[in-house]
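Residue-level structural notes
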Amino acid sequence: MGRRFLHQLLLAALALCFAPVRPDDWLPATATFYGGADGSDTMGGACGYGNLYDQGYGINNAALSTALFNDGASCGQCYVIICDSSKSGWCRPGPGHWVAVSATNFCPPNWSYPDGGWCAPPKPHFDMSQPAWENIGIYTAGIIPVLYQRVKCWRDGGVRFTIGGFNYFELVLVTNVAGSGSIQSMAVKGASTDWIPMSRNWGANWQCLAGLAGQGLSFALTSTGGQSIVFQDVVPAWWQFGQTFNTYKNFDY
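Computed from a predicted structure; not experimentally measured.

Now for the pairing of strand 5 (residues 125-129). Where burial is concerned, most of strand 5 is hidden: five out of the five residues are buried. For strand 1 (residues 27-34) and strand 5, the ladder comprises five bridges, and the chain directions are parallel. Residue pairing for strand 5: phenylalanine 33 is matched across the bridge by methionine 128. Strand direction decides the pairing type here: strand 2 (residues 61-64) and strand 5, joined by three bridges, are antiparallel. What sits directly across from leucine 64, in strand 5, is phenylalanine 126.

Following the sequence through the fold, arginine 160 ends up in strand 7 (residues 160-166). Here arginine 160 is buried and forms no salt bridge, its nearest opposite-charge partner aspartate 156 lying at an N-O distance of 7.2 Å. Among the polar contacts listed, one links the side chain of arginine 160 to the backbone oxygen of aspartate 54, at a separation of 2.7 Å. Residues in contact with arginine 160, not counting those within four places in the same chain, are Asp54, Gln55, Gly56, Leu173, Val174, Thr175, Asn176, Thr244, Phe245 and Asn246.

A volume near 150 Å³ is recorded for the second largest pocket. Lining the second largest pocket are 13 residues, and of these Cys78, Ala100, Ser102, Trp154 and Arg155 sit closest to its centre. Of all the elements in the fold, those that place two or more residues in the lining of the second largest pocket are strand 3 (78-83) and strand 4 (99-106). The leading source of residues in the lining of the second largest pocket is strand 4, at three residues. Class assignment of the residues belonging to the lining of the second largest pocket gives a composition of nine nonpolar, two polar and two charged.

Conventions adopted
Residues numbered from 1 in each chain as written. Predicted model: local features only at pLDDT ≥ 70, side-chain atom pairs only at ≥ 80, totals over all residues. Heavy atoms only, no water. Buried < 20%, exposed > 50% of the residue type's maximum accessible area, 1.4 Å probe, protein only. Helix = DSSP H or I, 4+ residues; strand = E, 2+ residues; numbered from the N terminus. Pairing = 2+ DSSP bridges. Lys, Arg positive; Asp, Glu negative; His and termini not counted. Salt bridge = Lys/Arg side-chain N within 4 Å of Asp/Glu carboxyl O. Polar contact = N/O pair within 3.5 Å; in protein donor to acceptor, adjacent residues only side chain to side chain. Contact = heavy atoms within 4.5 Å. 1 Å grid on protein atoms, 1.4 Å probe; cavity = no way out; pocket = protein on both sides within 12 Å on 5 of 7 lines; lining within 4 Å. Points joined across faces, edges and corners; volume = space filled by probe spheres on them. Nonpolar A, V, L, I, M, F, W, Y, C, P; charged D, E, K, R; others polar.

These figures capture arrangement, not role.
Next up, the structure:
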């Protein structure tokens, strides 16, 4: 069987495995890898997640180019990626090679190159953890053409809130988001306040300026998929900056 036939067979199989995958909606991009053979150097990153294992994202992660990162609004989103074997001989041989990754970092342009390199706008590019990349590409290739689709994220447990900041400045990191994987809008309510809109500070961190210390907190989130959930009284009045609070709710879309 030819490479093109096997390529089409893989696309059809993925459409069956992932309900959100649409056979005709694959988009072209390129992919490289970073972070070492164990992916340890992919921890942290421009989304602010820190230890990706602790936060529910794991080793199958990627840094997104400017065109995909969307100033941090894409943090947490999930993508299925395959090597485009119709364009490259550096795909991992045999059918069935694909990988699902979470967006956890930003791949910036490299302006030492005239065109800004692979991550400059408007190029769609995934700089993946090496373990994730080696599911689809041969190591010595370095870079491969890929096809990708954004898909539903599956997470264990509920959304988590980590409260940073100081005094009258709250900086809340939102992690382990399922469904669309990312947050469109967010508000906070103290036991003695009305709902206070929050704004994205950087990555998956949301901020507000309010004196909320000593109050129990609730959060209202809307995912980029349009689903809204109120996390009522998820933070007790004795909270301290730096603490993380788990919930039992998560997004479907």
